[in-house]
Amino acid sequence: MPKRDDREYKALHFIVNMGSQGVLQSDLWRKLGASSREGSRIALKLENKGLIKREKELFGGRWTYRLYSKRMPVSINSIIDCPCLMCANDARCGAWGTISPNECERLTAWVLSLRQGDADLSGES
Ligand code: SF4
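Residues numbered from 1 in each chain as written. Predicted model: local features only at pLDDT ≥ 70, side-chain atom pairs only at ≥ 80, totals over all residues.

Let's talk about the nonpolar core
As a rule of thumb, nonpolar side chains are buried together in soluble globular proteins.
Then, in step 1: In this structure, Ala11, Ile15, Val23, Leu28, Trp29, Ile42, Ala43, Leu46, Ile52, Tyr65 and Leu67 together form the largest nonpolar core, which totals 11 residues.
Then, in step 2: Taken together, the elements giving at least two residues each to this core come down to helix H1 (4–17), helix H2 (25–32), helix H3 (36–48) and strand S3 (62–69).
Then, in step 3: Element by element, the count of residues in this core is highest for H3, at 3 residues.
Then, in step 4: Those residues in contact with Leu67, other than ones at most four positions away along the chain, are Ile15, Gly22, Val23, Gln25, Leu28, Ala43, Ile52 and Arg54. (Core = buried A, V, L, I, M, F, W, Y, C linked by C-beta atoms within 7 Å. Buried ≥ 20, exposed ≤ 12 C-beta atoms within 10 Å, placed from the backbone. Helix = DSSP H or I, 4+ residues; strand = E, 2+ residues; numbered from the N terminus. Contact = placed C-beta atoms within 7 Å.)

Structure representation (structure tokens):
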């Protein structure tokens, strides 16, 4: 029988891999071979550690929870447009150099465009 910490780790790994669609609590416990009572304890523990969030959902006429990871793995797509990747000054650029990311307008504009993209997705203006 696996230790509880192993199940916590496996549960978190599974939840992270489900991405933004999350996973129903009952499906997860079935996958891990845990009882619903044990599963609920693990979910609460992960939530209390700030690793997941639980959202109540009506499924098949019964209330359950959908579990989402609070952190997602970084994807290469998130930096594909970063100006540093194709910058001619890349080798000479450094925090304490004459060419510095601290003063780079191209990098600042890119970071701000990311923030604007987040705002567009969340409906902020
Ligand atoms: S911070 Fe600016 S200058 Fe430095 S590598 Fe990136 S784009 Fe080039």
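Points about the site of the ligand
Then, in step 1: Lining the immediate surroundings of the ligand are Pro83, Cys84, Cys87, Asn89, Asp90, Cys93, Ile99, Pro101, Cys104, Arg106 and Leu107.
Then, in step 2: A class-by-class count of the residues in the shell around the ligand yields 8 nonpolar, 1 polar and 2 charged. (Near = placed C-beta within 6 Å. Nonpolar A, V, L, I, M, F, W, Y, C, P; charged D, E, K, R; others polar.)

Remarks on H3
Then, in step 1: Along its 13 residues, H3 runs 18 Å from first to last C-alpha, staying within 8% of the 18 Å computed at 1.5 Å per residue.
Then, in step 2: Taken residue by residue, H3 has Gly39, Ile42, Ala43 and Leu46 as its buried positions. Considered in projection along H3, the buried side chains sweep an arc of 100 degrees and stay on one side of the axis. Turned more than 90 degrees from where H3 packs its buried face, Arg37 and Asn48 sit exposed. (Expected span 1.5 Å × (residues − 1). Arc of directions from axis to C-beta.)

Describing the sheet that holds strand S1 (residues 23–24)
Then, in step 1: Spatial strand order, S1-S3-S2: 3 strands in an open sheet with antiparallel pairing. Here the strands that pair on one side only, and so sit at the sheet edges, are S1 and strand S2 (52–59).
Then, in step 2: Both S2 and S3 contribute to a ladder of 8 bridges, which runs antiparallel. Following the sheet pairing, Ile52 is matched in S3 by Ser69.
Then, in step 3: Sheet contacts for H3: S2 and S3; angle to S2, the most-contacted strand, approximately 135 degrees. (Pairing = 2+ DSSP bridges. Axes fitted to C-alpha atoms, helices over the stretch in contact; angles between N-to-C directions.)

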